[in-house]
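What the coordinates show
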Amino acid sequence: MINDKTTTEAQSNIKWFTLFLSAVAGYCDTATFIAGNGTFSAHVTGNFIIFAAQAILNADPNAWIKLITFPVFIIAVITGGWLAAKTGKRYVLLLTEGVLLMVAGGLAFWLGNEQSGRYVVVMVIVLAMGLQNTFGKLFPKETYGPTTMMTGNVTQASLDLGNLLWKGFKADFLPLESIKKQLFLVCGFLVGCFLGGLLAKFIGLQAVVLPGLTITIFYFTRFSAEQT
């Protein structure tokens, strides 16, 4: 009975943790796109498309700056891998992410709306999202799936839906459970997108302070003593 209760609590924690981290990623990605000159911070490969489009259309002479997100992201992942191995704590990556987001929000307030300043803030947010990507890669059992990029999750949900349609809803319940998990990822990301976009529209990149503060509070109230 105790083991069953523990297992149920663990599954519930994973469910809400998945929803939370997905929302953070959607929030930051949309915030930087709206208030950071159309730059993606979580799904950085999307910046290749934005760069190419703006360069071809001569829409932005500073479009090349978007390419810097890629090496910044790589540096974040390398640093995150080293940090996790050095400290032996899985959640230290999220604490560092939270601190970086709060720093980014503070810089946004200090630097104002100057374009060069916005790019600096965006790169700090990219560092934070790189750490969340690293966390998901190193500790995949902590969530239902990748929390920063939804294409793979939507693909999995679509495959599961196809299996249900072909085999019947009563034939196999595993695809149905998988779909539920993917919905937590996708819905969390979508909610985060709307919230991040809304706040970024009105207060700019300073909005990233909110997820940064929330992650930091979560760490010190729930995760600080846990080891890998």
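Quick note: structure is the one above.
A brief look at the structure comes next. (Residues numbered from 1 in each chain as written. Predicted model: local features only at pLDDT ≥ 70, side-chain atom pairs only at ≥ 80, totals over all residues. Heavy atoms only, no water.)

Enumeration over the complete set of coordinates arrives at two salt bridges. Salt-bridge contacts for Glu142 lead to Arg90; the nearest nitrogen and oxygen are separated by 3.3 Å. On the criterion of sequence distance, the pair formed by Glu142 in the loop between α5 (115-138) and α6 (151-167) and Arg90 in the loop between α3 (69-87) and α4 (92-111) is long-range, its members being 52 residues apart. Grouping residues by exposure puts Glu142 and Arg90 together as buried. A salt bridge links Lys180 to Glu177, with the nearest nitrogen and oxygen atoms 3.6 Å apart. Linking Lys180 with Glu177, this pair stays in helix α7 (residues 174-203), spanning three residues, or about one helical turn. Its relative accessible area of 42% is what places Lys180 among the partly exposed residues. Given the relative accessible area of 40%, Glu177 is considered partly exposed. (Salt bridge = Lys/Arg side-chain N within 4 Å of Asp/Glu carboxyl O. Helix = DSSP H or I, 4+ residues; strand = E, 2+ residues; numbered from the N terminus. Buried < 20%, exposed > 50% of the residue type's maximum accessible area, 1.4 Å probe, protein only.)

Mapped onto the fold, Gln54 is located in helix α2 (residues 46-57). For Gln54, a relative accessible area of 17% translates into the label buried. In this structure Gln54 touches Ala59, Asp60, Ala63 and Lys66, once residues within four positions along its chain are discounted. (Contact = heavy atoms within 4.5 Å.)

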